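Single-letter residue listing:
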Amino acid sequence: MAAQSPRPEVPEELPVLPLREFVVFPYMVLPLLVARDRSMAAVDDALAGNRMLLLVAQRDPVIQDPEPEDLHSTGTVAMVMRTVRTDDGRMKVLMQGLGKARIESHIDQGDSEGAARRVRVSSLRADAEEEWCVEAEALVRAVKGRVEELLPLKNLPPEVISVTTNVDHPGRLADLVASNLRLRLGEAQEVLETQDSLARLRRVDSLLRRELEVSTMQAEIQSQAAEEMSRGEREVFLREQLRAIQSELGEVDPRVEESDEYRAKLEDANLPAEAREEAGRQVQRLERMHPDGPEAQVVRNYLDCIVELPWARSSRDQLDLASAREILDADHAHLQGVKDRILEFLGVRKLRRDSRGPILCFVGPPGVGKTSLGRSIARAMGREFVRISLGGVRDEAEIRGHRRTYVGAMPGRILQGLKQAGTNNPVFMLDEIDKLGADFRGDPSAALLEVLDPEQNAKFSDHFLNLPFDLSSTLFIATANLMDPIPAALRDRMEVIRLSGYMPEEKVKIARSFLIPRQIEEHGLREDQVSWSDQAVLRIACEYTHEAGVRNLERQLAGICRKVARRAAEGDSSPVSITRRTLARYLGPPPYQVEVPSKEGEIGVVNGLAWTEAGGELLHVEVTLALGEGLVLTGQLGDVMKESARAALSYARSVLRDLGESDSDDATLSKHEVHVHVPAGATPKDGPSAGVAMATAMLSLAMQIPVRADVAMTGEITLRGRVLPVGGVREKALAALRAGITRVIVPKSCMSDVAEIPRVLKRRITFVPVSNMSEVLEEALERSPGLRREATGRTSVPPPPSAPASARARR
């Protein structure tokens, strides 16, 4: 924009305002945004005087605080018309160019920080009215014509035509065209310094011809190459053109900037070919959408998900087996089977880098350290650790994600966990996998089949991502308390590692090594403030807790630490000794009493063994006779246990004759009501493992032979007296040991399980393998019943006694 007004007198001294990237010509009216301290001081200096200052272009626009030698010598004297200060401390100034001036000397170098720089200037001669000549007229008409031709090619402001039409003076026309032509800084300064009007217009005419030729050639090249260029090359070319145009205008299209940012992120993400192609299509869709539309936000969420996933980012495995063993031993006591399995995997990984990660399932009672063991494995392997809890999850979309057609769609927990880890090979724990549910929204356990299948998870597909993602490098670890609720197909995909409960001595060691130091630290105590005897910790584990793990043990230790901390806070910081006798002062009377079996054998009473989620239990089986007939079972027995009792009674009746007893003894069980009771009647019980104990109790009662008090037994019984294998041998042996029983009768088929029991436990317990009831009775009764056996080793069963025809008919 240009305007002409009477030129005021220019003083000899003026404040100078350096310009970075453009040149101001006379008669121009333009706004400036002033941010530098010296520049704002120059404006304030001008406002305090005659409102005039000198606008001079810098030789190098990068320089923040230019020195005199960094400024051109010729500039434009301008009048400050209006100023506005912004909230961020800058200043908007409206300037009007008055005329040209040359710097003669710098009279004030502005050494003080923030002071305006002042110069001594000499005003240059203004363009006078010249006589008409052919050359001037020709140049004026040529320049105006070229401006009209260049207008559509360079997108110049339309008002340029209307202004140039009314200007006939060569010098003023040259300044007007140069100010709107967006020339390079050096070219614009050259035009400004040219004093002769015709020479200045000739220079502008040459620049116009150059711009016109370049723009025309560019348009021709674009039209000719449009059909020959591939789509990708054309996009790159157009994008560069758009960036150049926006850079010239000082504008940036937010959509283009956002798309470029996504393209840069996708390039850094190192995506597979399929994912890169799909992401490119989504970026193109985003460019064509309105930035505030709902669909644009869905596309942004999708692209954010793609760029944040660790497609090619992996953590380096720690393959030093000795170091891994030290970390596992430092974090967890015992659990040798699990530690050996992890070290085996690391050994294979060391020999073959591309080996697949195992899919493990830790099964055991609560509190034995399944979840913390996963963290320890990740630390030993040098990998990231991710844990998701599957307890109560009933929606298949929690695993596979939601499709993008839904509002608020997001990827499933598997991909979210990988984003959280930042690598594609973390240790991924699926906690409480046995607590998964299913309803009308789908079955999450079925969705996990693909995740936990090494043959399929290399191309896992999430509904939200809709692209294959490689999970083969991830080490999946599932945890469960029970195996029964896990579907068979899912169970088949995992390597099950069972974690049994801890012995009391093992709990004492764990408490000494891990639990007590942690509780002392959490309660702000010092190690010398409280001391613990092993007998006290052992009593807490046996009489104040009733569990297979150590979770409640840590709670009891925390309770003692709280009382010691309160005592210290009240001013008594003397050391506290926790012994077996002082426990009741801190924890009260013990809620659980260690069940001590009778020291003398009893008739009809047998020490059985049972398995529960909390570990093994000692189960007393009592049998008595009453008037009547039949079998009575009490103690909340389940269907399987009731069937075992019937099988035991049938076996006992069938072998009494073979034991060499009288007929009246046979009638003891046949003509009386046999009552079998298992104490702790409020606790439901089930399973076949008490069959041997019930048969032994019945035969003890029938033969009036006491059962040894130092013997416990487990095993399933058949009608022919065979002893079948049962589970939970380790837990049952621990229960016997807690009760002071050192002799355990187990099925011979379970000796392979006995081999896995720690040596310390096997040294303290004598395991007696049996295959039939005759061996059980020989070991369990205080005197031998004299049961005859055939060569096959099975109990011989005599034929039933003859009976009248009427009795046989009743049978």
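Here is what the cut-offs are and how they apply
- Residues numbered from 1 in each chain as written.
- Predicted model: local features only at pLDDT ≥ 70, side-chain atom pairs only at ≥ 80, totals over all residues.
- Heavy atoms only, no water.
- Helix = DSSP H or I, 4+ residues; strand = E, 2+ residues; numbered from the N terminus.
- Buried < 20%, exposed > 50% of the residue type's maximum accessible area, 1.4 Å probe, protein only.
- Contact = heavy atoms within 4.5 Å.
- Pairing = 2+ DSSP bridges.
- Axes fitted to C-alpha atoms, helices over the stretch in contact; angles between N-to-C directions.
- pLDDT = per-residue confidence, 0-100.
- Salt bridge = Lys/Arg side-chain N within 4 Å of Asp/Glu carboxyl O.
- Patch = residues over 30% accessible without salt bridge, like charges linked within 9 Å, V, L, I, M, F, W, Y side chains within 5 Å.
- Areas by Shrake-Rupley, 256 points an atom, 1.4 Å probe, with all protein chains shown as cover.
- Lys, Arg positive; Asp, Glu negative; His and termini not counted.
- Charge placed at Lys NZ, Arg CZ, Asp CG, Glu CD.
- Left-handed = near helix turned anticlockwise from the far one by under 90°.
- Nonpolar A, V, L, I, M, F, W, Y, C, P; charged D, E, K, R; others polar.
- Polar contact = N/O pair within 3.5 Å; in protein donor to acceptor, adjacent residues only side chain to side chain.
- Phe/Tyr/Trp six-rings, centres within 6.5 Å; stacked < 30°, edge-to-face > 60°.
- Expected span 1.5 Å × (residues − 1).

Participant: Which parts of the structure should I look at to understand the overall build of the protein chain?
Facilitator: A count of helices and strands for the protein chain gives 29 helices and 24 strands. Taking all 811 residues of the protein chain together, the buried fraction comes to 47%.

Participant: Just checking my understanding: could you explain the environment of G364 for this structure?
Facilitator: The topology assignment puts G364 in the loop between β7 (359-363) and α13 (370-381). When the C-alpha atoms of G364 and M483 are compared, they prove to be 9.1 Å apart, with 119 residues separating the residues in sequence. Leaving out residues up to four positions away in the same chain, G364 has contacts with K370, A480, N481 and L499.

Participant: I would appreciate a short explanation of the sheet that holds strand β8 (residues 385-389) in the present structure.
Facilitator: Across the sheet, 5 strands lie side by side as β8-β9-β12-β7-β13; this open sheet has parallel pairing. Each edge of the sheet is formed by a strand with only one pairing partner; in this case those strands are β8 and β13 (495-498). Sheet twist, expressed as the mean angle between neighbouring strand axes with direction ignored, is 20°. Here 5 bridges tie β8 to strand β9 (residues 427-431), and the two strands are oriented parallel to one another. Residue pairing across strands places V386 opposite F428, the latter belonging to β9.

Participant: So what exactly am I meant to see when it comes to the confidence of the model for the protein chain here?
Facilitator: Residues shown with low pLDDT carry predicted positions that ought not to be read at fine detail. The pLDDT averaged across the protein chain works out to 82; a share of 88% of its residues lies at or above 70. Scored below 50 in pLDDT, residues 662-666 makes 6 contacts in the model with residues more than four places away or belonging to other chains.

Participant: Explanation requested: the pattern of salt bridges in the structure shown.
Facilitator: It is possible for side chains bearing opposite charge to pair when their charged atoms get close. The tally for this structure, following the rule as stated, stands at 43 salt bridges. Put simply, D175 and R200 hold a salt bridge, and the shortest N to O gap is 3.0 Å. Of the two residues, D175 is situated in helix α4 (residues 170-180) and R200 in helix α6 (residues 197-225); the sequence distance between them amounts to 25 residues. Considered together, D175 and R200 belong to a single accessibility category, that of buried residues. One salt bridge in this structure joins E543 and R539, with 2.9 Å as the shortest N-O distance. Of this pair, E543 and R539 are both found in helix α19 (residues 534-544), 4 residues apart, which corresponds to roughly one turn of the helix. You can call E543 buried: its relative accessible area is 11%. Residue R539 is classed as buried on the basis of its relative accessible area of 17%.

Participant: Would you take a moment to explain a negative patch on the surface for this structure?
Facilitator: A contiguous patch of negative charge on the surface is contributed by E600, E602, E622 and E782. Along the chain, E622 falls in strand β17 (residues 615-627). Looking at E622, the relative accessible area reads 34%, which means it is partly exposed.

Participant: Please explain the packing of helix α24 (residues 691-703) against helix α28 (residues 773-780) as it appears in this structure.
Facilitator: Helix packing geometry: the angle between the two helix axes and the distance between the axes. Relative to each other, α24 and α28 sit at 65°, their axes nearing to 11 Å. Note that α24 runs across α28; the crossing there is right-handed. Along the contact surface, α24 presents V692, A695, T696 and L699, while α28 presents M773, V776, L777 and A780. Classifying every residue of the contact of α24 with α28 by side-chain character gives 7 nonpolar, 1 polar and no charged.

Participant: Sorry if this is basic, but what is going on with the pairing of strand β3 (residues 52-57) here?
Facilitator: Working note: regular strand, side chains alternate between the two faces of the sheet. Of all 6 residues in β3, 6 are buried; the element is thus mostly enclosed. Side-chain alternation along β3 places M52, L54 and V56 on one buried face and L53, L55 and A57 on a second face that is also buried. Pairing of strand β1 (residues 13-19) with β3 involves 4 bridges; the strand directions are parallel. Following the sheet pairing, L19 is matched in β3 by A57. Here β3 pairs with strand β4 (residues 74-85) via 4 bridges, running antiparallel.

Participant: Honestly, the side chain of E554 in this entry has me stumped. Any pointers?
Facilitator: Position of E554 among the secondary structure elements: in helix α20 (residues 551-569). Judged by relative accessible area, E554 falls into the buried class, the value being 18%. There is a polar contact of 2.9 Å between the side chain of E554 and the side chain of R518. Excluding residues that lie within four positions of it along the chain, E554 makes contacts with L515, R518 and Q519.

Participant: What is the right way to read the packing of aromatic side chains from this model?
Facilitator: Each aromatic ring pair is summarised here by two numbers: the centre-to-centre distance and the angle between the ring planes. One pass over the structure, following the stated rule, counts 3 aromatic pairs. Pairing F428 with F476 gives two aromatic rings, centres 5.5 Å apart and planes at 40°, and the pair type is tilted. Of this pair, F428 sits in strand β9 while F476 sits in strand β12 (residues 475-480), placing them 48 residues apart in sequence. Each member of the pair, F428 as well as F476, is classed as buried.

Participant: What am I meant to see in α13 here?
Facilitator: Since the α-helix advances by 3.6 residues per turn, residues separated by three or four positions end up pointing in the same direction. Taking 1.5 Å as the rise per residue, α13 with 12 residues should run 16 Å; its terminal C-alpha atoms sit 17 Å apart, in good agreement. Here α13 has its buried residues at K370, L373, G374, S376, I377, A378, A380 and M381. At its buried positions, α13 is contacted by α11 (321-331), α12 (336-351), β7, β8, β9 and β12. Phi turns positive one or two residues past the end of α13, at G382, with a value near 75°.

Participant: What is the right way to read unusual backbone geometry from this model?
Facilitator: Phi is positive for Y27, which is not a glycine, with a value near 70°. With respect to the helices, strands and loops of the structure, Y27 is situated in the loop between β1 and β2 (29-34). Residue Y27 is classed as buried on the basis of its relative accessible area of 16%. One non-glycine residue, E432, adopts positive backbone phi at about 55°. The topology assignment puts E432 in the loop between β9 and α16 (444-451). Residue class for E432 comes out partly exposed when judged on its relative accessible area of 24%.

Participant: When you look at the side chain of R730 in this model, what are you seeing that I'm missing?
Facilitator: Within the fold, R730 resides in helix α25 (residues 729-738). The class for R730 is buried, based on a relative accessible area of 17%. With sequence-adjacent residues up to four places away left out, R730 is seen in contact with S500, G501, E506, I757 and P758.

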